Amino acid sequence: MSLRPHDQLDTNLLRVLHTLLTERSVTRTALKLGKSQPAVSNMLRRLRDITGDPILVGGKSGMTPTERGEQLLLLAKQGLGVMENICHPEPDFFPEQTRRVFHLGAPDYLSVMLIPLIMEAVRLRAPNAGLVVHSLNAGFDYASALERGELDVVIGNWPEQPQHLHLAQLFEDQLVCMLNSEHPVVKKGLSLKYYLEMAHLAPTPYMMGHRSIIDSALAEQGLKRQIKMTIPYFGMVPYVLARTDMIFTTSHCFAMHFSRQWPIAVLPMPLPMPKMRFFMLWHERSHAAVEVQWLRRIVADASREAMGKNPYEVLGGMVNELSGAR
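Residues numbered from 1 in each chain as written. Predicted model: local features only at pLDDT ≥ 70, side-chain atom pairs only at ≥ 80, totals over all residues. Heavy atoms only, no water.

Enquirer: Sorry, what's going on with the overall build of the protein chain here?
Expert: Each helix and strand counted, the protein chain has 14 helices and twelve strands in total. For the protein chain, the residues scored as buried account for 43% of the 326 residues in total. Partitioning the contacts of the protein chain with sequence separation of at least 6, the portion at a separation of at least 24 is 75%. Total accessible area computed for the protein chain in this model is approximately 18100 Å², and 53% of it derives from carbon and sulfur atoms. (Helix = DSSP H or I, 4+ residues; strand = E, 2+ residues; numbered from the N terminus. Buried < 20%, exposed > 50% of the residue type's maximum accessible area, 1.4 Å probe, protein only. Contact = heavy atoms within 4.5 Å. Areas by Shrake-Rupley, 256 points an atom, 1.4 Å probe, with all protein chains shown as cover.)

Enquirer: Sorry, what's going on with the packing of aromatic side chains here?
Expert: One pair of aromatic rings is described through two measures. These are the centre distance and the angle between the planes. All told, the structure shown has ten aromatic pairs when counted by the stated rule. Summarising the aromatic geometry, the rings of Phe 102 and Trp 294 are spaced 5.6 Å apart at their centres and angled 40° between planes, so their arrangement reads as tilted. With Phe 102 in strand β3 (residues 101-106) and Trp 294 in helix α13 (residues 290-306), the pair connects residues that are 192 residues apart, well separated along the chain. Here Phe 102 matches Trp 294 in class, with each residue buried. Taken together through their ring pairs, the aromatic side chains of Tyr 109, Phe 171, Phe 234, Phe 248, Phe 254, Phe 258 and Phe 278 make up a single cluster. (Phe/Tyr/Trp six-rings, centres within 6.5 Å; stacked < 30°, edge-to-face > 60°.)

Enquirer: Looking at this structure, how should I read helix α3 (residues 37-51)?
Expert: Residue pairs three or four apart in sequence face the same way in an α-helix, which turns once every 3.6 residues. Between its terminal C-alpha atoms α3 stretches 21 Å, which fits the 21 Å expected from 15 residues at 1.5 Å a residue. Among all positions of α3, only Val 40, Met 43, Leu 44, Leu 47 and Ile 50 are buried. The arc that holds the buried residues of α3, viewed along the axis, is 125°, so those residues lie on one side. Residues of α3 that are exposed and angled more than 90 degrees away from the buried face: Pro 38 and Asp 49. Looking at the buried residues of α3, the elements they touch are α1 (11-23), α2 (26-33) and β2 (62-65). Positive phi shows up at Gly 52, right after α3, with a value of about 70°. (Expected span 1.5 Å × (residues − 1). Arc of directions from axis to C-beta.)

Enquirer: Would you mind showing me how to read the sheet that holds strand β10 (residues 247-251) here?
Expert: What links the strands of a sheet is backbone hydrogen bonding, and the strands pair in either a parallel or an antiparallel sense. With mixed pairing, five strands are arranged side by side in an open sheet as β9-β8-β10-β7-β11. The open sheet has two free edges, formed respectively by β9 (226-231) and β11 (264-268), since each of these has just one partner strand. The average undirected angle you get between the axes of adjacent strands in this sheet is 35°. Where strand β8 (residues 199-203) meets β10, two bridges bridge the pair, whose relative direction is parallel. Paired with His 200 across the strands is Ile 247, a residue of β10. Contacts from helix α12 (residues 252-259) reach β7 (175-180), β10 and β11 within the one sheet, and its direction differs from that of β10 by about 120°. (Pairing = 2+ DSSP bridges. Axes fitted to C-alpha atoms, helices over the stretch in contact; angles between N-to-C directions.)

Here it is, written out as C-alpha coordinates:
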(Lines give C-alpha, C1' and ligand atoms only; values in the text may rest on other atoms or scores of the structure.)
Protein backbone atom coordinates (compact mmCIF):
# COMPACT_ATOMS: atom_id res chain seq x y z
CA MET A 1 0.00 0.00 0.00
CA SER A 2 1.56 3.30 -1.11
CA LEU A 3 1.68 6.24 1.24
CA ARG A 4 -0.25 9.37 0.45
CA PRO A 5 1.92 12.53 0.11
CA HIS A 6 0.87 14.01 3.45
CA ASP A 7 1.58 10.70 5.21
CA GLN A 8 5.25 11.06 4.24
CA LEU A 9 5.62 14.50 5.83
CA ASP A 10 6.96 14.54 9.38
CA THR A 11 8.23 17.20 11.77
CA ASN A 12 11.84 16.71 10.65
CA LEU A 13 10.99 17.30 6.99
CA LEU A 14 8.80 20.26 7.92
CA ARG A 15 11.70 21.85 9.81
CA VAL A 16 14.07 21.25 6.86
CA LEU A 17 11.50 22.80 4.48
CA HIS A 18 11.17 25.90 6.67
CA THR A 19 14.95 26.32 7.03
CA LEU A 20 15.61 25.78 3.30
CA LEU A 21 13.07 28.45 2.37
CA THR A 22 14.42 30.81 5.01
CA GLU A 23 18.13 30.32 4.28
CA ARG A 24 17.68 29.65 0.53
CA SER A 25 20.76 27.44 0.65
CA VAL A 26 21.33 23.71 1.12
CA THR A 27 24.76 24.37 2.67
CA ARG A 28 23.53 26.93 5.23
CA THR A 29 20.52 24.72 6.06
CA ALA A 30 22.85 21.77 6.73
CA LEU A 31 25.04 23.90 9.02
CA LYS A 32 22.07 25.36 10.90
CA LEU A 33 20.39 22.01 11.49
CA GLY A 34 23.59 20.08 12.15
CA LYS A 35 23.10 17.75 9.19
CA SER A 36 25.30 16.76 6.26
CA GLN A 37 24.83 18.53 2.93
CA PRO A 38 23.97 15.27 1.10
CA ALA A 39 21.31 14.53 3.74
CA VAL A 40 19.66 17.94 3.22
CA SER A 41 19.87 17.54 -0.58
CA ASN A 42 18.12 14.19 -0.24
CA MET A 43 15.40 15.74 1.95
CA LEU A 44 14.89 18.52 -0.62
CA ARG A 45 14.35 15.84 -3.30
CA ARG A 46 11.78 14.15 -1.05
CA LEU A 47 10.02 17.46 -0.44
CA ARG A 48 9.85 18.10 -4.16
CA ASP A 49 8.30 14.68 -4.71
CA ILE A 50 5.75 15.23 -1.92
CA THR A 51 4.73 18.75 -3.01
CA GLY A 52 5.08 18.27 -6.77
CA ASP A 53 7.01 21.54 -6.95
CA PRO A 54 10.75 22.44 -7.24
CA ILE A 55 10.36 24.66 -4.14
CA LEU A 56 13.80 26.27 -4.69
CA VAL A 57 15.33 27.06 -8.09
CA GLY A 58 18.67 28.52 -9.15
CA GLY A 59 19.01 32.25 -9.75
CA LYS A 60 21.69 34.91 -10.27
CA SER A 61 22.20 35.43 -6.54
CA GLY A 62 21.68 31.81 -5.50
CA MET A 63 18.57 29.76 -4.91
CA THR A 64 15.17 31.46 -4.88
CA PRO A 65 11.75 30.11 -3.84
CA THR A 66 9.13 29.34 -6.45
CA GLU A 67 5.68 30.88 -6.04
CA ARG A 68 4.56 27.64 -4.42
CA GLY A 69 7.69 27.76 -2.29
CA GLU A 70 6.67 31.19 -0.95
CA GLN A 71 3.32 29.72 0.07
CA LEU A 72 5.00 26.71 1.65
CA LEU A 73 7.18 28.96 3.82
CA LEU A 74 4.11 30.36 5.57
CA LEU A 75 2.50 26.93 5.87
CA ALA A 76 5.69 25.40 7.27
CA LYS A 77 5.94 28.17 9.86
CA GLN A 78 2.31 27.60 10.91
CA GLY A 79 2.80 23.83 10.97
CA LEU A 80 5.85 24.06 13.22
CA GLY A 81 3.90 26.38 15.50
CA VAL A 82 1.13 23.82 15.79
CA MET A 83 3.67 21.08 16.54
CA GLU A 84 5.25 23.28 19.21
CA ASN A 85 1.89 23.91 20.88
CA ILE A 86 1.05 20.21 20.88
CA CYS A 87 4.35 19.25 22.50
CA HIS A 88 4.39 21.95 25.17
CA PRO A 89 2.14 22.48 28.22
CA GLU A 90 -0.76 24.90 28.04
CA PRO A 91 0.45 28.48 28.65
CA ASP A 92 -0.12 30.18 31.98
CA PHE A 93 -3.59 31.58 32.54
CA PHE A 94 -3.96 35.20 33.59
CA PRO A 95 -7.56 35.97 34.64
CA GLU A 96 -7.11 39.71 34.22
CA GLN A 97 -6.25 39.19 30.53
CA THR A 98 -8.68 36.48 29.45
CA ARG A 99 -11.62 37.26 27.20
CA ARG A 100 -13.10 33.79 27.47
CA VAL A 101 -16.86 33.45 27.91
CA PHE A 102 -17.55 30.89 30.65
CA HIS A 103 -20.77 28.86 30.74
CA LEU A 104 -22.26 27.79 34.06
CA GLY A 105 -25.37 25.63 34.54
CA ALA A 106 -27.34 26.07 37.77
CA PRO A 107 -30.89 25.67 39.07
CA ASP A 108 -32.93 28.79 39.64
CA TYR A 109 -32.83 28.69 43.45
CA LEU A 110 -29.11 29.49 43.45
CA SER A 111 -29.78 32.85 41.80
CA VAL A 112 -30.16 34.42 45.25
CA MET A 113 -27.57 32.76 47.45
CA LEU A 114 -24.64 31.86 45.18
CA ILE A 115 -24.74 33.13 41.58
CA PRO A 116 -24.30 36.84 42.52
CA LEU A 117 -21.15 35.94 44.49
CA ILE A 118 -19.74 34.05 41.50
CA MET A 119 -20.50 36.94 39.16
CA GLU A 120 -18.90 39.42 41.57
CA ALA A 121 -15.70 37.37 41.74
CA VAL A 122 -15.48 36.98 37.95
CA ARG A 123 -15.96 40.72 37.41
CA LEU A 124 -13.29 41.58 39.99
CA ARG A 125 -10.67 39.06 38.90
CA ALA A 126 -11.38 38.73 35.16
CA PRO A 127 -12.99 42.02 34.04
CA ASN A 128 -12.65 41.17 30.33
CA ALA A 129 -14.22 37.72 30.66
CA GLY A 130 -17.87 36.85 30.14
CA LEU A 131 -20.13 34.56 32.15
CA VAL A 132 -23.37 33.03 30.86
CA VAL A 133 -25.57 31.30 33.45
CA HIS A 134 -27.83 28.62 31.99
CA SER A 135 -30.90 27.76 34.02
CA LEU A 136 -31.42 24.01 34.42
CA ASN A 137 -34.85 22.65 33.61
CA ALA A 138 -36.45 19.29 32.88
CA GLY A 139 -35.58 19.51 29.17
CA PHE A 140 -31.93 20.50 29.61
CA ASP A 141 -29.48 17.62 29.09
CA TYR A 142 -26.68 19.10 31.18
CA ALA A 143 -24.47 15.99 30.93
CA SER A 144 -24.39 16.19 27.12
CA ALA A 145 -23.85 19.94 27.28
CA LEU A 146 -20.77 19.38 29.49
CA GLU A 147 -19.48 16.72 27.10
CA ARG A 148 -19.90 19.01 24.07
CA GLY A 149 -18.25 21.95 25.83
CA GLU A 150 -21.45 24.01 25.82
CA LEU A 151 -21.19 24.14 29.62
CA ASP A 152 -17.98 24.39 31.65
CA VAL A 153 -19.46 23.61 35.06
CA VAL A 154 -22.83 22.59 36.50
CA ILE A 155 -24.01 23.19 40.08
CA GLY A 156 -26.79 21.05 41.49
CA ASN A 157 -28.13 19.04 44.42
CA TRP A 158 -30.06 16.11 42.90
CA PRO A 159 -29.75 12.76 44.71
CA GLU A 160 -28.04 10.78 41.92
CA GLN A 161 -25.18 12.07 39.76
CA PRO A 162 -23.83 10.59 36.51
CA GLN A 163 -20.83 8.38 37.27
CA HIS A 164 -18.82 9.56 34.25
CA LEU A 165 -18.59 13.17 35.48
CA HIS A 166 -16.15 14.70 37.93
CA LEU A 167 -17.77 15.85 41.19
CA ALA A 168 -16.77 18.17 44.02
CA GLN A 169 -18.88 18.80 47.13
CA LEU A 170 -19.61 22.49 47.72
CA PHE A 171 -21.74 22.85 50.86
CA GLU A 172 -24.67 21.53 52.86
CA ASP A 173 -27.77 23.33 54.07
CA GLN A 174 -30.71 22.49 56.29
CA LEU A 175 -34.28 22.20 55.03
CA VAL A 176 -36.75 24.67 56.54
CA CYS A 177 -40.27 25.91 55.89
CA MET A 178 -41.32 29.36 54.65
CA LEU A 179 -44.83 30.74 55.10
CA ASN A 180 -46.71 33.99 55.63
CA SER A 181 -45.74 35.45 59.02
CA GLU A 182 -49.47 35.97 59.79
CA HIS A 183 -50.30 32.29 59.32
CA PRO A 184 -51.82 30.77 62.52
CA VAL A 185 -49.27 27.95 62.44
CA VAL A 186 -46.50 30.43 63.20
CA LYS A 187 -47.94 30.92 66.71
CA LYS A 188 -49.27 27.39 67.21
CA GLY A 189 -46.12 25.63 66.07
CA LEU A 190 -45.65 23.51 62.96
CA SER A 191 -46.46 19.89 63.79
CA LEU A 192 -46.05 17.01 61.34
CA LYS A 193 -49.85 16.76 61.10
CA TYR A 194 -50.13 20.43 60.10
CA TYR A 195 -47.22 20.09 57.65
CA LEU A 196 -48.83 17.18 55.79
CA GLU A 197 -52.29 18.77 55.70
CA MET A 198 -51.27 22.27 54.63
CA ALA A 199 -51.31 23.42 51.01
CA HIS A 200 -47.75 23.30 49.67
CA LEU A 201 -46.10 25.52 47.10
CA ALA A 202 -43.32 23.67 45.23
CA PRO A 203 -40.86 24.40 42.42
CA THR A 204 -41.38 22.91 38.99
CA PRO A 205 -39.01 19.90 38.77
CA TYR A 206 -35.82 20.84 36.92
CA MET A 207 -34.63 17.26 36.49
CA MET A 208 -36.75 14.88 34.42
CA GLY A 209 -37.67 11.73 36.35
CA HIS A 210 -36.17 12.90 39.66
CA ARG A 211 -38.31 13.28 42.79
CA SER A 212 -37.28 16.09 45.12
CA ILE A 213 -35.25 15.29 48.23
CA ILE A 214 -38.28 16.35 50.28
CA ASP A 215 -40.79 14.02 48.64
CA SER A 216 -38.26 11.17 48.55
CA ALA A 217 -37.64 11.48 52.31
CA LEU A 218 -41.38 11.63 53.04
CA ALA A 219 -42.09 8.62 50.83
CA GLU A 220 -39.49 6.57 52.71
CA GLN A 221 -41.60 7.11 55.84
CA GLY A 222 -44.88 6.40 54.05
CA LEU A 223 -45.85 10.10 54.06
CA LYS A 224 -46.96 12.53 51.38
CA ARG A 225 -47.48 16.28 51.39
CA GLN A 226 -50.24 18.17 49.56
CA ILE A 227 -48.65 20.09 46.68
CA LYS A 228 -51.31 22.45 45.39
CA MET A 229 -49.29 24.82 43.20
CA THR A 230 -45.92 24.80 41.43
CA ILE A 231 -43.82 27.69 40.13
CA PRO A 232 -40.94 27.76 37.62
CA TYR A 233 -38.94 30.55 39.29
CA PHE A 234 -37.81 30.73 42.89
CA GLY A 235 -37.94 34.51 42.80
CA MET A 236 -41.74 34.21 42.79
CA VAL A 237 -41.83 32.43 46.17
CA PRO A 238 -42.05 35.45 48.53
CA TYR A 239 -44.66 37.13 46.32
CA VAL A 240 -46.89 34.03 46.47
CA LEU A 241 -46.40 33.34 50.19
CA ALA A 242 -47.11 36.96 51.10
CA ARG A 243 -50.57 36.62 49.55
CA THR A 244 -51.54 33.02 50.33
CA ASP A 245 -51.70 30.49 53.16
CA MET A 246 -49.32 28.04 51.46
CA ILE A 247 -46.06 26.66 52.83
CA PHE A 248 -42.78 26.32 50.93
CA THR A 249 -39.97 23.92 51.89
CA THR A 250 -36.49 25.02 50.90
CA SER A 251 -32.92 25.63 52.09
CA HIS A 252 -32.21 27.72 55.16
CA CYS A 253 -30.06 30.25 53.30
CA PHE A 254 -32.75 30.87 50.70
CA ALA A 255 -35.48 31.25 53.33
CA MET A 256 -33.52 33.60 55.58
CA HIS A 257 -32.64 35.86 52.66
CA PHE A 258 -36.30 36.59 51.91
CA SER A 259 -37.47 36.63 55.53
CA ARG A 260 -35.41 39.80 56.03
CA GLN A 261 -37.29 41.62 53.27
CA TRP A 262 -40.79 40.10 53.32
CA PRO A 263 -43.49 39.23 55.90
CA ILE A 264 -42.18 35.66 55.83
CA ALA A 265 -41.66 33.34 58.80
CA VAL A 266 -39.04 30.59 58.74
CA LEU A 267 -39.83 27.42 60.74
CA PRO A 268 -37.85 24.21 61.20
CA MET A 269 -39.07 20.99 59.64
CA PRO A 270 -41.41 19.04 61.95
CA LEU A 271 -39.57 15.78 61.20
CA PRO A 272 -35.94 14.79 60.59
CA MET A 273 -34.92 15.39 56.98
CA PRO A 274 -31.63 14.90 55.12
CA LYS A 275 -29.57 17.97 54.45
CA MET A 276 -29.45 19.54 51.01
CA ARG A 277 -26.04 18.74 49.54
CA PHE A 278 -24.79 21.00 46.78
CA PHE A 279 -22.03 19.93 44.42
CA MET A 280 -20.23 20.92 41.24
CA LEU A 281 -19.95 18.72 38.14
CA TRP A 282 -17.65 18.92 35.13
CA HIS A 283 -16.54 16.67 32.25
CA GLU A 284 -13.16 15.04 31.66
CA ARG A 285 -12.75 17.16 28.49
CA SER A 286 -12.23 20.28 30.64
CA HIS A 287 -10.69 18.63 33.71
CA ALA A 288 -7.14 19.82 32.93
CA ALA A 289 -8.07 23.11 31.24
CA VAL A 290 -6.49 25.88 33.32
CA GLU A 291 -9.27 28.39 32.57
CA VAL A 292 -11.98 26.00 33.72
CA GLN A 293 -9.91 25.03 36.77
CA TRP A 294 -9.91 28.74 37.64
CA LEU A 295 -13.71 28.92 37.26
CA ARG A 296 -14.12 25.88 39.51
CA ARG A 297 -12.03 27.61 42.19
CA ILE A 298 -14.24 30.70 41.84
CA VAL A 299 -17.36 28.56 42.40
CA ALA A 300 -15.79 26.78 45.37
CA ASP A 301 -14.68 30.06 46.99
CA ALA A 302 -18.12 31.63 46.45
CA SER A 303 -19.74 28.58 48.04
CA ARG A 304 -17.59 28.94 51.15
CA GLU A 305 -18.47 32.62 51.30
CA ALA A 306 -22.20 31.89 50.91
CA MET A 307 -22.05 29.52 53.88
CA GLY A 308 -19.64 31.63 55.91
CA LYS A 309 -22.15 32.02 58.72
CA ASN A 310 -23.38 28.93 60.54
CA PRO A 311 -26.85 28.29 59.07
CA TYR A 312 -27.91 26.15 62.02
CA GLU A 313 -27.48 28.63 64.87
CA VAL A 314 -30.91 30.18 64.42
CA LEU A 315 -32.51 26.81 63.72
CA GLY A 316 -31.15 25.30 66.92
CA GLY A 317 -33.11 27.76 69.04
CA MET A 318 -36.21 27.34 66.91
CA VAL A 319 -36.12 23.55 67.20
CA ASN A 320 -35.83 23.72 70.99
CA GLU A 321 -38.67 26.21 71.20
CA LEU A 322 -41.03 24.26 68.90
CA SER A 323 -40.08 20.67 69.67
CA GLY A 324 -43.20 20.18 71.79
CA ALA A 325 -45.61 21.38 69.09
CA ARG A 326 -48.34 18.91 68.09
